[in-house]
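So you can see what is in the structure, the chains are spelled out below.
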Amino acid sequence: MKLGYIGLGKMGYNMAELLLEKGHQLVGYNRSAAPVQKIAQKGAKPADSIGSLVAALETPRLVWIMVPHQAVDAVLKELTLHLAKGDTIIDGGNSPYKESIRRGRELEGKGIDFLDAGVSGGPHGARTGACIMVGGKQEVFKKYEQIFRDASVEQGYAYFGKTGSGHFVKMVHNGIEYGMMQALAEGFAILKASAFNLDLAKVADLYNHRSVIESRLVGWLKTAFEQHGTELADISGAIAQSGEGMWTVDAAKEFGIPAPIIKGALDFRLQSEKHPSYSGKIVSALRNQFGGHAVEITSNPLNVSREAGKAKQRKIA
């Protein structure tokens, strides 16, 4: 298939490269030019504007956007100036599901189809095959199912129903992720505090051999300990968070569903700004391992300030 791809950040670039390898034709655009030039070297057609991207596609056109949720409306506003009835937009970012419902309704009024696709797996998954959760009209999903099949790991995509359902399933996934990471952080903080002088990388490795809590998260924690040492000295104990856990907590309140574990994990992240801790270091380390999130370093790793000039930025490899 031929499609436009808007947003060539960590996730977007890697997925675009994977789709190119699977034989799809891409026209790529990004607000900054460097990723566009880079993906062009991989075989994509570069575009210097959203308008030129659309002009390079044949009707009916398909455009995948992979931008932060705060930027989606601005991108759609410009994009829809150039699209026509029968074209399709896929939002592959982490958008609030109610916003996706609204956007789908607005686009339908213009005759433009819309699919909301929650993507999990981090940059590595985007490059090698992600887990994708899709909502929207089923006939539109079926029309472009090959894109989702090729962008995902084997059996790693599914259609869930009407517009908003894909981002809703991904939102709850992110809330569960908060709770799982928090449990690991607290457990390993307890292990570290014991008098046994435990090799935490060894513990994580053992846990990941057929124990009940075997998981990719435990494997990433083992890697973090191997890379940064048990103390995680160069990793911040104050955890950044992008808001998706709060969306899950808000939905739980709306539906009258108790969610104390997810809410507790969210509260811990919010409080870690003023109260950094070793548990916070573990959550930060995990976020870095699967998402490539930058970690702040200060002279006192347990007293992190986000004010400009008081912290150095370092992206842990």
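These numbers come from a predicted model, not from an experiment. (Residues numbered from 1 in each chain as written. Predicted model: local features only at pLDDT ≥ 70, side-chain atom pairs only at ≥ 80, totals over all residues. Heavy atoms only, no water.)

Draft legend 1. Molecular detail of the overall build of the protein chain. A tally of helices and strands in the protein chain yields 14 helices and 10 strands. Relative to the compact-globule value of 20 Å for 317 residues, the protein chain shows a C-alpha radius of gyration of 21 Å, a close match. In terms of principal-axis extent, the alpha carbons of the protein chain reach across some 65 × 45 × 40 Å. Out of the 317 residues in the protein chain, the part that is buried amounts to 52%. On the protein chain, roughly 15,300 Å² of surface is accessible, and the fraction owed to carbon and sulfur atoms is 55%. (Helix = DSSP H or I, 4+ residues; strand = E, 2+ residues; numbered from the N terminus. Rg over C-alpha atoms; globule rule 2.2 N^0.38 Å. Buried < 20%, exposed > 50% of the residue type's maximum accessible area, 1.4 Å probe, protein only. Areas by Shrake-Rupley, 256 points an atom, 1.4 Å probe, with all protein chains shown as cover.)

Draft legend 2. The arrangement of unusual backbone geometry in detail. Of note, the bond from Thr59 into Pro60 is cis; its omega dihedral lies within 30 degrees of zero at -5°. Its location among the elements puts Pro60 in the loop between α3 (50–55) and β4 (62–65). In this model, Asn197 sits at a positive phi of 50°, which is unusual for a non-glycine residue. If you trace the backbone, Asn197 turns up in the loop between α9 (165–193) and α10 (200–207). In this structure Asn197 comes out as exposed when scored by relative accessible area, which is 73%. The phi dihedral of Arg210 is positive, around 70°, even though this residue is not glycine. Along the polypeptide, Arg210 turns up in the loop between α10 and α11 (216–228). Among the residues examined, Arg210 registers a relative accessible area of 77% and is labelled exposed.

Draft legend 3. Spatial organisation of the pairing of strand β7 (residues 130–136). Taken across its seven residues, β7 has six buried, putting it largely inside the fold. Here strand β6 (residues 113–120) runs beside β7; their pairing, made up of six bridges, is antiparallel. Residue pairing for β7: Ala117 is matched across the bridge by Val134. Relative to strand β8 (residues 152–161), β7 runs parallel, the two sharing five bridges. When the sheet's bridge partners are listed, Ala130 is paired in β8 with Ser152. (Pairing = 2+ DSSP bridges.)

Draft legend 4. Spatial organisation of the sheet that holds strand β1 (residues 2–6). Taken together, eight strands build an open sheet; the order of strands is β3-β2-β1-β4-β5-β6-β7-β8 and the sheet is mixed. In this open sheet, the two edge strands, each paired with only one partner strand, are β3 (45–46) and β8. Judged from the three bridges that link them, β1 and β4 form a sheet pairing that is parallel. Following the sheet pairing, Tyr5 is matched in β4 by Trp64. Seen against the sheet, α9 touches β5 (88–91), β6, β7 and β8 and runs at an angle of roughly 20° to β6. (Contact = heavy atoms within 4.5 Å. Axes fitted to C-alpha atoms, helices over the stretch in contact; angles between N-to-C directions.)

Draft legend 5. Region of interest: the environment of Ala285. Along the polypeptide, Ala285 turns up in helix α14 (residues 278–291). For Ala285, a relative accessible area of 1% corresponds to the buried category. Residues Ala285 and Ile239, 46 residues apart in the sequence, show an inter-C-alpha distance of 9.4 Å. With near-sequence residues (within four places) excluded, Ala285 lies in contact with Ala224, Leu232 and Ile235.

Draft legend 6. Molecular detail of the environment of Ala238. Tracing the backbone shows Ala238 in the loop between α11 and α12 (244–255). Residue Ala238 is classed as buried on the basis of its relative accessible area of 6%. Counting along the chain gives 45 residues from Ala238 to Val283, while the straight-line C-alpha distance between them is 9.1 Å.

Draft legend 7. Just the packing of aromatic side chains, in detail. Following the criterion strictly, the structure yields 10 aromatic pairs and no others. Judged by centre distance (6.3 Å) and plane angle (45°), the ring pair of Phe141 and Tyr157 falls under tilted. A residue pair is termed long-range when its members are at least 10 positions apart, and Phe141 in helix α7 (residues 138–143) and Tyr157 in strand β8 qualify at 16 residues. Both rings, one in Phe188 and one in Tyr207, keep their centres 5.8 Å apart while their planes meet at 75°; by these two values the pair is edge-to-face. Placement of Phe188 in helix α9 and of Tyr207 in helix α10 is noted, with a sequence separation of 19 residues between them. Within the aromatic cluster, the residues linked to one another by ring pairs are Tyr5, Trp64, Phe141, Phe148, Tyr157 and Tyr159. The aromatic ring of Tyr13 is capped on one face by Lys38, whose charged end is 5.0 Å from the ring centroid. Across the ring face of Tyr178, the terminal group of Arg269 is positioned such that the distance to the ring centre comes to 3.6 Å. (Phe/Tyr/Trp six-rings, centres within 6.5 Å; stacked < 30°, edge-to-face > 60°. Lys NZ or Arg CZ within 6 Å of the ring centre and 35° of its normal.)

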